[in-house]
Amino acid sequence: MNTIIRKSMLSVAGLAFAGGVFAGPIAAHAANPVDAKPAAVAVQSSAPKPQGDQSHIALNDEQTANVKAIIAATKKAGLPERAAVISIATSLQESKLENLGHLGDKNDHDSLGLFQQRPTSGWGTPEQITNPEYSTTAFLKGLKQVDGWQDMPLTDAAQTVQVSAYPDAYAQWEQQATDLVGQHWNS
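Below is a short write-up of the structure. Note that the coordinates shown come from a computational prediction; the quantities given were computed from them, not determined experimentally.

**Description of the pattern of salt bridges**
Tallied over the entire structure, the rule returns two salt bridges. The residue Lys-76 makes a salt bridge to Glu-133 at a minimum N-O spacing of 2.8 Å. Of this pair, Lys-76 sits in helix α2 (residues 61-76) while Glu-133 sits in helix α5 (residues 132-144), and the two are 57 residues apart along the sequence. Measuring nitrogen to oxygen at the nearest pair gives 2.9 Å for the salt bridge that ties Arg-82 to Glu-174.

**Examining the nonpolar core**
Ile-86, Ile-88, Leu-143 and Trp-149 are the most contacted members of the largest nonpolar core, which totals 34 residues. Contributions of two or more residues to this core are made by α2, α3 (81-95), α5, α6 (154-162) and α7 (174-184). At seven residues, α3 tops the list of elements feeding residues into this core. Beyond its immediate stretch of four places on either side in the chain, Ile-88 contacts Val-67, Ile-70, Ile-71, Leu-97, Ala-177, Leu-180 and Val-181.

**Concerning the packing of α3 against α6**
Where α3 meets α6, the axes come as close as 10 Å, and the angle between the chain directions of the two elements is 70 degrees. By the criterion of interaxial angle, the relationship of α3 to α6 is roughly perpendicular. The two elements α3 and α6 cross, and the hand of that crossing is right-handed. Here Arg-82, Val-85, Ile-86, Ala-89, Thr-90 and Glu-94 of α3 come into contact with α6, specifically with Leu-154, Ala-157, Ala-158 and Gln-162.

**Considering α2**
Taking 1.5 Å per residue as the helical rise, α2 with its 16 residues ought to reach 22 Å, and the 22 Å between its terminal C-alpha atoms agrees with that figure. Within α2 the residues assigned to the buried category are Gln-63, Asn-66, Val-67, Ile-70, Ile-71, Ala-73 and Thr-74. Buried residues along α2 cover an arc of 165 degrees about the axis, so they all sit on one side. Exposed positions of α2 whose direction lies more than 90 degrees from the buried face are Asp-61 and Lys-76.

**Considerations on the side chain of Gln-162**
Relative to the helices and strands, Gln-162 is located in helix α6. Those residues within four positions of Gln-162 in sequence are excluded, and the remaining contacts are Thr-90, Glu-94, Phe-115, Trp-123, Phe-139 and Tyr-170.

**Focus: the packing of aromatic side chains**
Inspection of the entire model under this criterion finds one aromatic pair. Pairing Phe-115 with Phe-139 gives two aromatic rings, centres 4.9 Å apart and planes at 10 degrees, and the pair type is stacked. Placement of Phe-115 in the loop between α3 and α4 (126-129) and of Phe-139 in helix α5 is noted, with a sequence separation of 24 residues between them. Across the pair, exposure class does not vary: Phe-115 and Phe-139 are buried alike. Geometry around Trp-185 places Lys-75 over its ring, the cationic atom sitting 5.0 Å from the centre.

About the criteria used
Residues numbered from 1 in each chain as written. Predicted model: local features only at pLDDT ≥ 70, side-chain atom pairs only at ≥ 80, totals over all residues. Heavy atoms only, no water. Salt bridge = Lys/Arg side-chain N within 4 Å of Asp/Glu carboxyl O. Helix = DSSP H or I, 4+ residues; strand = E, 2+ residues; numbered from the N terminus. Core = buried A, V, L, I, M, F, W, Y, C linked by side-chain atoms within 4.5 Å. Buried < 20%, exposed > 50% of the residue type's maximum accessible area, 1.4 Å probe, protein only. Contact = heavy atoms within 4.5 Å. Axes fitted to C-alpha atoms, helices over the stretch in contact; angles between N-to-C directions. Parallel < 35°, antiparallel > 145°, perpendicular 65-115°, else oblique. Left-handed = near helix turned anticlockwise from the far one by under 90°. Expected span 1.5 Å × (residues − 1). Arc of directions from axis to C-beta. Phe/Tyr/Trp six-rings, centres within 6.5 Å; stacked < 30°, edge-to-face > 60°. Lys NZ or Arg CZ within 6 Å of the ring centre and 35° of its normal.

This is the structure in structure tokens:
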């Protein structure tokens, strides 16, 4: 008898729960449909948040022209804004967006151009590397070979392409690069 009562009570409890689940929301909407308010929805931005302390420099006309050249090359390659952000942040770190020639004793090996690419590492000739469209296209070609670059932290994506002695340094330029892409992408 004890088992029968227990099963009956569980059945009644199950029906009450099911009725509450199914009828509850319907009853709530039917009772006062005018006062119904939409539920808040959390929206997550697809762009990762910048990592660490951020740096910023004022740009001159040449640097701004180089930003525009990087964006144009990114669009020409059919890549999204995130690729331009990574490219500009990389160039900010490597050359402060200046198309650098040979710097003599201050030169890092034979590094040249916006991305400080090296002819001896196969990036191209000195003339090619100091051409903003060419150097950006070369950087983007390397970026496209990085699995998951779109979702990884900027500094990891840039470092995988650049192989810098200072792998975390790219992160400090993410906010300025994001702002520059936002400002110039549609202009």
